[in-house]
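# Report on the structure
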Amino acid sequence: MTARTYSADDIAAAKAWPFEEARKLDARLKRMNHDGVVIFETGYGPSGPPHIGTFGEVARTTMVRRAFELMTGRKTRLISFSDDMDGMRKVPPHLPNQEMLARYLQKPLTTVPDPWGSHDSFAHHNNAKLRAFLDQFGFDYEFVSSTECYKSGLFDQTLVRVLERYDALMEIMLPSLGDERKETYSPILPISPTTGRVLYVPLLERDAKKGEILFEDEDGSKVKIAVGGGNTKLQWKVDWAGRWFALGVDYEMAGEDLTESVRLSNRIVKALGGEPPAGFNYQLFVDEEGKKISKTKGNGISIEQWLTYASPESLSLFMFQNPKAAKKLYFDVIPKTLDEYWRHVEEYPKQAGAKAIDNPAWHIHEGNPPEATTPVSFAMLLTLVNAVGGEPEVLKGFIRKYRPTASAEELRAADALTLYAARYYKDFVEPKKQYRQPTDEERAALATLAARLREIGDGAEEDAYHTATFDTGKAHGYEKNLRDWFAAIYEIVFGQTEGPRMGPFTKIYGAVATATLIEDALARR
RNA sequence: GGGCCCGUAGCUCAGCGGUAGAGCAUCUGACUUUUAAUCAGAGGGUCGAUGGUUCGAUCCCAUCCGGGCUCACCA
């Protein structure tokens, strides 16, 4: 499939938020007479593994990036920046080798040994996780390590600039600090040459010309070092601003909890002589009751949970929707969002112009939505799973029965859903199953049915199986109340009060397999 | 309390100056030698409240109400 083309008028008329963001970015670049490659950035803190928020930020930033590219045709890059020179402030719980890690408190995360022993450092381990995580979704990005930026000298000029503009920066930062911090605050944090820890100490002397600072080391000695080459790092807010300045970041969004940080960092980057990136503050997720999601409470849901029951595309849709509203992230939204995703995909080919590029599917698929949609909804599969169980092959059989005219592509889309439906079955339906013990009459009737099905064998018509089921019931005293016969089958064989129509089910599941299913149920104690 | 963001049908969301929309849920009907599913249709909103701008406001402005985040340290 080839990407469609859109006219300038279409794009100007597009109202989806990524286009609004792209317009903001474009205005900023015009104001600056910036005509180079446009840099998008997302941040990552490697003191923990990547999570659903990490996904959201990269997905949303990519949506703005693609909208911007369509709008301007300009070259762009997406930097995934890992703040891995940050000192380890506390030992994250639930990690192995706690006592070993405790000895590395305050040291840059890239110098903390990997508690799992597989990478150069704790940060390297998590950085690798981040990359594997982003790669799994096919994001286009460039990984950048803070430590490498400092060590390679890439940030040297920025550090010197911080020294040059020291007074202006302090004027911005000091009012935002508590009394105690005011006394010791420094935008530049030296790494102790003796202990390797990140030091939160005041600068005793600074020489912008030489690019040097004097500070008191942990052992009490006065030490003079060059700011560059990885000897020092910038402290938050200034660090963020310095990063924008040094890397030329044009666009970065952030969670609303960082609203104040963005404000300050914007002022700082200006003081450094740069221009704040465009961007906005997206809202954090809340749980079903609208409460803040916290790891300790364990409310909300994780990315692993989402991807267990629904596709990454559906999660992208969730991220696309309303980034400025506090979205409720709880289990029920998963199937709903998955079905909404497919509805949008279905709509796309019917739409044109601005309407098409406002379609979430365009943004989720970076301009290339798939052509085929699923012929059955996920909601329907979840219902079906209640009736016929969670075997993907059986589900696929039912899909083909329900949608005999579906194309191969459509079936492929639907088949992918059976995997999620099967997991849903295993986790939510199967545990609730209650198999009833048969009465003697029921036992006899079911045994007869199993024998009949075996006799007919696979490959007969649905009706043959259905008739056999009816006849067996009638022959065992159910001619007046066939409903009870079916209820007995479902309760004893399927472990639930409702089940599939027996004819079609037997056809799809296989007559011999169905007979075995019945016999197994009779053997159950 | 200050700042920022959000508030459209039961739920999830779209619409953002010109007589309120979708999906799900609900209800009704059709259909299948059980149920579910499927199909057709219906009901459901003073667009958080109040003022203002306008010929006209869900959409712009102001105020208020409700919710979230933030305003020590750390990121």
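Coordinates for the structure precede this section.
Quantities reported herein were computed from a predicted structural model and do not represent experimental measurements. (Residues numbered from 1 in each chain as written. Chains lettered and ligands numbered in written order. Predicted model: local features only at pLDDT ≥ 70, side-chain atom pairs only at ≥ 80, totals over all residues. Heavy atoms only, no water.)

### Here's the deal with the pattern of salt bridges
Following the criterion strictly, the structure yields 26 salt bridges and no others. Note that Arg31 is salt-bridged to Glu275, the shortest N-O span being 3.6 Å. Taken together, the residues span a long stretch of sequence, with Arg31 in helix α2 (residues 17-32) and Glu275 in the loop between α11 (259-271) and β11 (281-282) at a distance of 244 residues. Accessibility expressed as a relative area gives 58% for Arg31, which makes it exposed. Here Arg161 ties to Glu164 by a salt bridge, and the two come within 3.4 Å at their closest N and O atoms. Placement of both Arg161 and Glu164 in helix α7 (residues 156-164) is noted, with a separation of 3 residues, approximately one turn of the helix. Arg161 sits in the partly exposed class, given a relative accessible area of 24%. (Salt bridge = Lys/Arg side-chain N within 4 Å of Asp/Glu carboxyl O. Helix = DSSP H or I, 4+ residues; strand = E, 2+ residues; numbered from the N terminus. Buried < 20%, exposed > 50% of the residue type's maximum accessible area, 1.4 Å probe, protein only.)

### Looking at the side chain of Thr62
Turning to its location among the elements, Thr62 is positioned in helix α3 (residues 52-72). On the basis of relative accessibility, which here comes to 3%, the residue Thr62 falls in the buried class. A distance of 2.7 Å separates the side chain of Thr62 from the backbone oxygen of Val58, its partner in a polar contact. In this view, Thr62 contacts Leu78, Phe139 and Glu366; residues no more than four positions away in its chain are not counted. (Polar contact = N/O pair within 3.5 Å; in protein donor to acceptor, adjacent residues only side chain to side chain. Contact = heavy atoms within 4.5 Å.)

### With respect to the sheet that holds strand β6 (residues 212-216)
The 3 strands lie next to each other as β5-β6-β7, forming an open sheet whose pairing is antiparallel. At either end of the open sheet lies a strand with only one pairing partner, and these are β5 (205-207) and β7 (222-226). Taking each pair of neighbouring strands and ignoring which way they run, the sheet shows an average axis angle of 20 degrees. The pairing of β6 with β7 spans 5 bridges and is classified as antiparallel. Considered in β7, the bridge of Leu214 is made with Lys224. (Pairing = 2+ DSSP bridges. Axes fitted to C-alpha atoms, helices over the stretch in contact; angles between N-to-C directions.)

### Focus on the sheet that holds strand β9 (residues 251-252)
The parallel open sheet is built from 4 strands, whose spatial order is β3-β2-β1-β9. The open sheet has two edge strands, β3 (142-145) and β9, and neither has a second partner. As paired elements, strand β2 (residues 76-82) and β3 share 4 bridges and run parallel to each other. Across the sheet, residue Phe81 finds its bridge partner in β3, namely Val144.

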